[in-house]
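# A look at the structure
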Amino acid sequence: MRFHTRKWIKPEDLNANGTLFGGRLLDWIDEEAALYTIIQLENQKVVTKYMSEIDFKASAKQGDIIEIGIDVVKFGKASLTLSCKVRNKMTHETIITISNIVMVNLGPDGKAKPHGKTQIEYAVDRLK
Ligand SMILES: CC(C)(COP(=O)(O)OP(=O)(O)OC[C@H]1O[C@@H](n2cnc3c(N)ncnc32)[C@H](O)[C@@H]1OP(=O)(O)O)[C@@H](O)C(=O)NCCC(=O)NCCS
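A quick note: this is a predicted structure, and the numbers were derived from the prediction, not measured.

## Some remarks on the overall build of the chain
- Summing up its helical and strand segments, the chain has 2 helices and 6 strands in all.
- Starting at the N terminus and ending at the C terminus, the chain contains elements arranged as β-α-β-β-β-β-β-α.
- Referenced to the eigenvectors of the C-alpha coordinate spread, the extents of the chain come out at roughly 45 × 30 × 20 Å.
- Pairs at least 24 apart in sequence give 66% of the contacts found in the chain among residues at least 6 apart.
- Positive and negative side-chain charges of the chain, numbering 19 and 16 respectively, have mean locations separated by a distance of 5 Å.

So, in structure tokens, the structure goes:
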């Protein structure tokens, strides 16, 4: 799993208990999954279709640095299934895991469209 994105927990990211607000974290994860999918599928028109159970294992507090990791579970026809783990950058304590996030590739008509991809591609290879 690659951890591409880091976030610094600020006052506006906290819930009423003074710890990281779950909704904020899901917002970051959804954006991370969308960015990952757009880059892999080389199409800006993608949507989140499904997320499996979300397991909040630990919290984070103001000032913590967290990192968001994404991995590919499966390339489908129009879909790309991802998994996600968020951990504390310093301690590597797991904050959240999501086993399956299904992203769907869309055509100009907004309907599911086969993406033709079968494996992870890296920028360094694409630029050769
Ligand atoms: C995404 C959307 C176009 C898919 O439409 P659909 O009629 O379900 O399309 P399909 O039946 O062709 O399914 C497309 C793919 O999604 C997968 N899929 C559909 N429903 C699923 C579900 N509940 N769980 C997991 N995967 C699902 C299918 O298996 C298929 O994968 P494959 O092509 O790799 O085999 C449509 O449901 C939609 O627009 N949903 C709203 C998305 C949205 O607004 N998200 C929030 C904002 S990003």
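From this point, things continue past the structure.
## Overview of the nonpolar core
- With 25 residues, the main nonpolar core has Leu25, Ile29, Ile66, Leu82, Cys84, Val86 and Ile101 as its most contacted residues.
- Listed by contribution, the elements that provide at least two residues to this core are helix H1 (22-41), strand E4 (65-75), strand E5 (79-88) and strand E6 (94-105).
- Here this core gets 6 residues from one element, more than from any other, and that element is H1.
- Apart from residues no more than four positions distant in its own chain, cysteine 84 is found in contact with Met1, Ile29, Ile68, Gly69, Ile70, Ile96, Thr97, Ile98 and Ile101.

## Topic: H1
- Under the 1.5 Å per step criterion, the end-to-end length of H1 is 28 Å for 20 residues, consistent within 8% with the ideal 28 Å.
- Burial in H1 covers these residues: Leu25, Trp28, Ile29, Glu32, Ala33, Tyr36, Thr37, Gln40 and Leu41.
- At the exit of H1 stands glutamate 42, carrying a positive phi of roughly 55°.

Thresholds applied
- Residues numbered from 1 in each chain as written.
- Predicted model: local features only at pLDDT ≥ 70, side-chain atom pairs only at ≥ 80, totals over all residues.
- Heavy atoms only, no water.
- Helix = DSSP H or I, 4+ residues; strand = E, 2+ residues; numbered from the N terminus.
- Contact = heavy atoms within 4.5 Å.
- Lys, Arg positive; Asp, Glu negative; His and termini not counted.
- Charge placed at Lys NZ, Arg CZ, Asp CG, Glu CD.
- Core = buried A, V, L, I, M, F, W, Y, C linked by side-chain atoms within 4.5 Å.
- Buried < 20%, exposed > 50% of the residue type's maximum accessible area, 1.4 Å probe, protein only.
- Expected span 1.5 Å × (residues − 1).

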